[in-house]
Amino acid sequence: MLGLLRFIRGVCGFVFALQIIHVIEAVVFLSKPEAASIDMGGFFALLLIKVVFLGLGGFLFFWLRGLINRLHTKKHGTPHPALADKNWAL
């Protein structure tokens, strides 16, 4: 079960990182002159969806770290060795 949770955490981390890249790209695009010719309502709607996925992916990524550590501590008496030291470890 811990392996499945770690896999899900990896997918959430991937979604989190991908959304960070997309949000940064969208903000940089707004500073370009060709941004004036696009539909801003649609642009900001998509940006809002990306920010929601960013928040959800980040929340699940860091929350699953705590859950995996609690489950590992309950079963083995110590936190998970890979997750105890680093927040970003999978």
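Scroll up to find the structure.
Because the structure is a prediction, the values reported are computed rather than measured.

Comments concerning the overall build of the chain
1) Next: The helix and strand tally for the chain stands at three helices and zero strands.
2) Next: For the chain, the sequential pattern of α-helices and β-strands runs α-α-α.
3) Next: Against the globule reference of 12 Å for 90 residues, the chain gives a C-alpha radius of gyration of 18 Å, more extended than a compact globule.
4) Next: Viewed in the frame of its principal axes, the chain has a C-alpha envelope of about 60 × 20 × 15 Å.
5) Next: For the chain, the proportion of its 90 residues judged to be buried stands at 27%.
6) Next: Residue pairs in contact within the chain that sit at least 24 positions apart in sequence constitute 62% of those at least 6 positions apart.
7) Next: By element, 74% of the accessible surface of the chain is carried by carbon and sulfur atoms, the whole surface being about 6,100 Å².

Side note on a nonpolar patch on the surface
1) Next: There is a patch of nonpolar side chains on the surface, built from Leu4, Phe7, Ile8 and Val11 and spanning about 390 Å² of accessible area.
2) Next: With respect to the secondary-structure elements, isoleucine 8 resides in helix α1 (residues 2–30).
3) Next: For isoleucine 8, a relative accessible area of 36% gives the class partly exposed.

Calculation notes
Residues numbered from 1 in each chain as written. Predicted model: local features only at pLDDT ≥ 70, side-chain atom pairs only at ≥ 80, totals over all residues. Heavy atoms only, no water. Helix = DSSP H or I, 4+ residues; strand = E, 2+ residues; numbered from the N terminus. Rg over C-alpha atoms; globule rule 2.2 N^0.38 Å. Buried < 20%, exposed > 50% of the residue type's maximum accessible area, 1.4 Å probe, protein only. Contact = heavy atoms within 4.5 Å. Areas by Shrake-Rupley, 256 points an atom, 1.4 Å probe, with all protein chains shown as cover. Patch = residues over 30% accessible without salt bridge, like charges linked within 9 Å, V, L, I, M, F, W, Y side chains within 5 Å. Salt bridge = Lys/Arg side-chain N within 4 Å of Asp/Glu carboxyl O.

By themselves, these figures tell us nothing about what the structure is for.
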